[in-house]
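# A closer look at the structure
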Amino acid sequence: VENTGSSADTYDLSITGDGSWTYQLFEETGTTEITTLAVDGSSSKDFIVRVDVPSDAILGDSDTENIVVTSQGDGNYTENFNITTTAITPITAPYTEGFETSWPPIGWSADTWIKGNEAHSGSSCAKAIYNHAGTAYLEMPPIEVEAGNVISFWWKDDDISKTNGHDYTYFEISVDGDNWSTIDSIGDGAQMGFYEQVMFDLESYVGETIYVRWRDT
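Now for a look at the structure at hand. Computed from a prediction, not measured in an experiment: that's the story for all the values here.

## A word on the packing of aromatic side chains
Overall, the coordinates contain eight aromatic pairs when judged by the stated rule. Each member of the aromatic cluster is reached from another via a ring pair, and the members are Phe99, Trp103, Trp108, Phe153, Phe171, Phe200 and Trp214. Sitting over the ring of Phe26, Arg50 keeps its end group 4.0 Å from the ring centre.

Listed below in structure tokens is the structure:
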């Protein structure tokens with residue numbers, strides 16, 4: 001909430017929509033539930049909208065709620081905005097993704113990856129932006145691993161200025177979403193004109209929920 005006036009103001013916060021999930025408003029540290037927010041003149045302050053996703057929600061389920069912010073100093077100053085929350089629940093096998101619909105796909109997150117058209121099959125693929133700065137990440141929804149599960153994907157290196165040890169893509173797995181283990185590095189010493197398939201056995205993760213990502217440097 002931004003207070004563009006010179007004097008301090010307090011803003012009323014309310015949840016007014018028809019969303020069916022549970023919504024709460026908290027101050028910016030996330031510890032205290034609030035219905036008002038005091039903001040000094042010529043400054044701004046954040047608040048958190050906490051959404052409880054139902055236990056029976058499945059991947060892709062969503063809910064939309066309306067939040068209203070109103071100045072106590074001048075009730076003519078009010079702002080309405082909608083917030084839509086999409087459930088990201090663990091997936092189970094069998095699961096396939098061909099990147100043919102929305103980008104990123106439901107439950108996926110992409111940082112400096114885009115939808116491409118140099119596909120192995122179908123018309124689309126996921127690709128890291130060429131010559132990007134920093135690190136690019138592509139992460140799929142969490143996976144509940146069951147006995148016999150494997151993960152397989154096709155990849156191709158299109159980098160025409162490839163240098164060994166640089167501009168590689170790393171396939172990584174985490175059991176908590178924070179600490180990642182590199183399972184393999186995918187890269188070639190030269191530009192590739194064809195796709196290769198790789199497959200990894202997930203037997204050591206049976207019974208766990210894992211996170212999977214591709215990290216391009």
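Picking up where we left off.
## Thoughts on the sheet that holds strand β7 (residues 62–71)
What the four strands build is an open sheet, ordered β4-β2-β7-β8; its pairing is antiparallel. Of all strands in the sheet, those with a lone pairing partner are β4 (36–39) and β8 (78–86), marking the two edges. Adjacent strand axes in the sheet meet at a mean angle of 25°, parallel and antiparallel pairs treated alike. One ladder, built from five bridges, connects strand β2 (residues 9–15) with β7; its direction is antiparallel. Bridge assignment links Ile15 to a residue of β7, and that residue is Ile67.

## Looking at the pattern of salt bridges
Applying the stated rule across the entire model yields four salt bridges. Residue Glu118 pairs with Lys127 through a salt bridge whose shortest N-O separation is 3.4 Å. Of the residues examined, Lys127 reaches a relative accessible area of 30% and is grouped as partly exposed. Close ionic contact of Lys156 with Glu118 constitutes a salt bridge, the shortest N to O distance being 4.0 Å. Of this pair, Lys156 sits in the loop between β14 (150–155) and β15 (169–174) while Glu118 sits in the loop between β10 (113–116) and β11 (125–128), placing them 38 residues apart in sequence. Residues joined by salt bridges that share partners form a network here, namely Glu118, Lys127 and Lys156.

## Quick notes on the pairing of β15
Across the six residues that make up β15, a large majority, five, are buried. Direction of pairing for β15 relative to strand β16 (residues 180–186): antiparallel, over a ladder of six bridges. The partner of Thr169 across the bridge, within β16, is Ile186. In textbook terms, the turn of a hairpin is the stretch between consecutive antiparallel strands, and for β15 and β16 this stretch comprises five residues, one of which, Gly177, has a positive phi near 80°. Of the strand pairs in this sheet, β15 and strand β18 (residues 209–216) are connected by six bridges, and their pairing is antiparallel. Residue pairing for β18: Phe171 is matched across the bridge by Trp214.

## Looking at the nonpolar core
In terms of nonpolar packing, the biggest core is built from 25 residues, with Phe171, Val212 and Trp214 touching the most fellow members. Only β11, β12 (136–139), β14, β15, β17 (196–201) and β18 provide two or more residues apiece to this core. Residues in contact with Trp214, not counting those within four places in the same chain, are Trp108, Trp113, Ala136, Tyr137, Leu138, Met140, Phe153, Thr169, Tyr170, Phe171 and Ile186. Grouped together as the second largest cluster of nonpolar side chains are nine residues, Tyr11, Leu13, Ile34 and Phe47 included.

## Focus on the environment of Ser14
Positionally, Ser14 belongs in strand β2. Counting along the chain gives eleven residues from Ser14 to Leu25, while the straight-line C-alpha distance between them is 8.4 Å. Ignoring any residue separated from it by four or fewer positions in sequence, one finds Ser14 in contact with Leu25, Asn66, Ile67 and Val68.

## Regarding unusual backbone geometry
The omega torsion of the bond from Ala93 to Pro94 falls at 0°, within 30 degrees of zero and hence cis. Tracing the chain through its elements places Pro94 in the loop between β8 and β9 (109–111). In this structure, the amide linkage connecting Trp103 to the following residue, Pro104, adopts the cis form with an omega of -10°. Summarising the element assignment, Pro104 is placed in the loop between β8 and β9.

Criteria and cut-off values
- Residues numbered from 1 in each chain as written.
- Predicted model: local features only at pLDDT ≥ 70, side-chain atom pairs only at ≥ 80, totals over all residues.
- Heavy atoms only, no water.
- Phe/Tyr/Trp six-rings, centres within 6.5 Å; stacked < 30°, edge-to-face > 60°.
- Lys NZ or Arg CZ within 6 Å of the ring centre and 35° of its normal.
- Pairing = 2+ DSSP bridges.
- Helix = DSSP H or I, 4+ residues; strand = E, 2+ residues; numbered from the N terminus.
- Axes fitted to C-alpha atoms, helices over the stretch in contact; angles between N-to-C directions.
- Salt bridge = Lys/Arg side-chain N within 4 Å of Asp/Glu carboxyl O.
- Buried < 20%, exposed > 50% of the residue type's maximum accessible area, 1.4 Å probe, protein only.
- Core = buried A, V, L, I, M, F, W, Y, C linked by side-chain atoms within 4.5 Å.
- Contact = heavy atoms within 4.5 Å.

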